[in-house]
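# Observations on the three-dimensional arrangement
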Amino acid sequence: MIELRGLRKVFGDTVALEEIDLSVPAGEIHGIVGRSGAGKSTLIRCLTGLDSPSSGTVSIDGTDISDQSGSGLREARRSIGMVFQHVNLLDSRTALKNVAHPLEIAGVSKKERLAKARELLEIVGLGDRADNYPAQLSGGQKQRVGIARALAAEPKVLLCDEPSSALDASTTDQILGLIRSLRDRLGITVLIITHEMSVIREICDSVTLLADGRVAKTGKLAEVISEPGSTLAKDLVPLPPIGLDDLDSVKGSAGTSANLVEVALAGTSLPKVLNSAQSVGVGAEAILAGAVETIEGKQVGRIRFTVRSAAASKELITALEADGIYAEEAA
Ligand SMILES: Nc1ncnc2c1ncn2[C@@H]1O[C@H](COP(=O)(O)OP(=O)(O)OP(=O)(O)O)[C@@H](O)[C@H]1O
Ligand SMILES: [Mg+2]
């Protein structure tokens, strides 16, 4: 549904995007993460035709956006809905009329557009708020009106730029739940830009990490999270911070630092890891921290063991690796 091939975008001397190849199949929710300046907004601007690529192609539902201008571009844009971090609703219009606005611009009759807007407000759970003005709505409700408005032209693709970063945790959950149910009910393809790893974990089927304008990593969420030693995997399923007191209590008797071994739960399970560690006398009491999630029915995450000496840590890693489990010394 979304296809980027060899996308490159330069601004003067700045290379914002370079050699971007990305495919998002229909009905998938794809997340894009990356540090500030990585090129995320530029990518989304290329997808909407707001920026034109320096080279490469951007196609949505088989139409090459980068090739269009004027009425062709307007037509292509109708298949794209946009949701922003801050919704800019028209203050002088009710929720209903805000949602109907894009249809008004498209020349849809009043009766038809109001009926459609009412239906969309029902879908986003705001059927009873149709006559409220933006000032009478909460941040999350406004965001939902913004999503309903983005859906008015029945887009095939929904592009979301930090849709939840201005919202509190429970409102974020509601918005994410809504986006997922829209995908399930309408089959819409969703691209979400976010700096919140929790957003990726909760609703994305696949994820891309952008770094310095390039794709540093891309794949199905479960595969990316399972990759041993991957930085993105560590960001996606972070280990809880370890207190200094915890560390003091496990410091090796000979030295001043604890010997830590980190195990990736990938293609294996917690009991298998524990059995393997037990074979060299390392029991569950040696687990200092762990973060385990179940994604697509598989356990993914990491466990950090602490052992008494460097030799013990080598022995543990050897035993785990012999059982096909990825382990590394942790700092
Ligand atoms: N219109 C522009 N003119 C010149 N340089 C630009 C322009 N837009 C973006 N850039 C540069 O391109 C690079 C990527 O910017 P972009 O806005 O895509 O980053 P981002 O990943 O969205 O960052 P953030 O998380 O801070 O929003 C940056 O180095 C930025 O300075
Ligand atoms: Mg940005």
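Residues numbered from 1 in each chain as written. Chains lettered and ligands numbered in written order. Predicted model: local features only at pLDDT ≥ 70, side-chain atom pairs only at ≥ 80, totals over all residues. Heavy atoms only, no water.

### Topic: the confidence of the model for the protein chain
Mean pLDDT over the protein chain: 89, with 95% of residues reaching 70 or higher. Throughout residues 252-256 the model reports pLDDT below 50, and contacts reaching past four residues in sequence, or to other chains, amount to 5 contacts. (pLDDT = per-residue confidence, 0-100. Contact = heavy atoms within 4.5 Å.)

### Structural notes on the pairing of strand S3 (residues 29-33)
Judged by how many residues are buried, S3 sits mostly within the fold: 5 of 5 residues are covered. What you see with S3 is no split at all: Ile29, Gly31 and Val33 on one side and His30 and Ile32 on the other are buried throughout. Summarising the sheet, S3 and strand S8 (residues 189-193) pair through 4 bridges and their orientation is parallel. Directly across from Gly31, in S8, lies its bridge partner Ile192. (Buried < 20%, exposed > 50% of the residue type's maximum accessible area, 1.4 Å probe, protein only. Helix = DSSP H or I, 4+ residues; strand = E, 2+ residues; numbered from the N terminus. Pairing = 2+ DSSP bridges.)

### So, the sheet that holds strand S14 (residues 327-330)
Pairing in this open sheet of 4 strands is antiparallel, and the strands run S12-S13-S11-S14 from one edge to the other. Strand pairing shows two members of the sheet lacking a second neighbour, strand S12 (287-295) and S14, which therefore form its edges. Strand-to-strand, the axes of this sheet are offset by a mean angle of 15°, without reference to chain direction. Inspection of the sheet shows S12 paired to strand S13 (residues 298-307) by 8 bridges, in the antiparallel sense. Note that in S13 the partner of Gly290 across the bridge is Ile303. (Axes fitted to C-alpha atoms, helices over the stretch in contact; angles between N-to-C directions.)

### What about the site of ligand 1?
Near ligand 1, the surroundings consist of Phe11, Thr14, Ala16, Arg35, Ser36, Gly37, Ala38, Gly39, Lys40, Ser41 and Thr42. Taking Gly39, its main chain carries an N or O atom lying 2.9 Å from an oxygen atom of ligand 1. With respect to ligand 1, the side chain of Thr42 contributes an N or O atom lying 2.5 Å from an oxygen atom. Burial of ligand 1 by the protein amounts to 55% of the accessible area it has alone, namely 640 Å². Of all the secondary-structure elements, those providing two or more residues to the shell around ligand 1 are strand S2 (14-24) and helix H1 (40-48). With 3 residues, the single largest contributor to the shell around ligand 1 is H1. (Near = heavy atom within 4 Å. Polar contact = N/O pair within 3.5 Å; in protein donor to acceptor, adjacent residues only side chain to side chain. Areas by Shrake-Rupley, 256 points an atom, 1.4 Å probe, with all protein chains shown as cover.)

### Digging into helix H12 (residues 310-322)
Taking 1.5 Å per residue as the helical rise, H12 with its 13 residues ought to reach 18 Å, and the 18 Å between its terminal C-alpha atoms agrees with that figure. Along H12, the residues that are buried comprise Ser313, Leu316, Ile317, Ala319 and Leu320. Viewed along the axis of H12, the buried residues span an arc of 165°, placing them on a single side of the element. Exposed residues pointing more than 90 degrees away from the buried face of H12 are listed as Ala311, Lys314, Thr318 and Ala322. Residues of H12 that are buried sit in contact with strand S11 (259-265), helix H11 (270-278), S13 and S14. (Expected span 1.5 Å × (residues − 1). Arc of directions from axis to C-beta.)

### Side note on the side chain of Ser164
The residue Ser164 is located in the loop between strand S7 (157-161) and helix H6 (169-186) in this model. At 3.1 Å, the side chain of Ser164 and the side chain of Glu196 are in polar contact. Contact partners of Ser164, with chain neighbours within four places excluded, come to Thr172, Glu196 and Val199.

### Overview of helix H3 (residues 95-105)
Of all the positions in H3, only Ala95, Leu96, Asn98, Val99, Ala100 and Leu103 are classed as buried. Contact partners of the buried residues in H3: helix H4 (110-123) and helix H5 (139-151). Downstream of H3 by a residue or two, Gly107 has a phi angle that is positive, lying close to 85°.

### Concerning unusual backbone geometry
Non-glycine residue Glu154 carries a positive phi angle of around 50°. As for its placement among the helices and strands, Glu154 is situated in the loop between H5 and S7. For Glu154, a relative accessible area of 57% gives the class exposed.

### Points about the packing of H11 against H12
Across the interface, H11 lies against H12 with an axial gap of 9 Å and an inter-helix angle of 130°. Here H12 runs oblique to H11, going by the angle between their axes. Along this stretch, H11 crosses H12, giving a crossing that reads as right-handed. In this structure, H11 uses Val273, Ser276 and Ala277 to contact H12, whose residues at the interface are Leu316, Ala319 and Leu320. Looking at the contact of H11 with H12 residue by residue, the class counts come to 5 nonpolar, 1 polar and no charged. (Parallel < 35°, antiparallel > 145°, perpendicular 65-115°, else oblique. Left-handed = near helix turned anticlockwise from the far one by under 90°. Nonpolar A, V, L, I, M, F, W, Y, C, P; charged D, E, K, R; others polar.)

### Looking at the side chain of Glu162
Looking at the element boundaries, Glu162 is found in the loop between S7 and H6. As a buried residue without a salt bridge, Glu162 has its nearest oppositely charged side chain in Lys40, at a separation of 5.6 Å. Polar side-chain contacts of Glu162 include one of 3.0 Å to the side chain of His195. Sequence-distant contacts of Glu162, defined by excluding residues within four places in its chain, comprise Phe84, Gln85, Ile193, Thr194 and His195. (Lys, Arg positive; Asp, Glu negative; His and termini not counted. Salt bridge = Lys/Arg side-chain N within 4 Å of Asp/Glu carboxyl O.)

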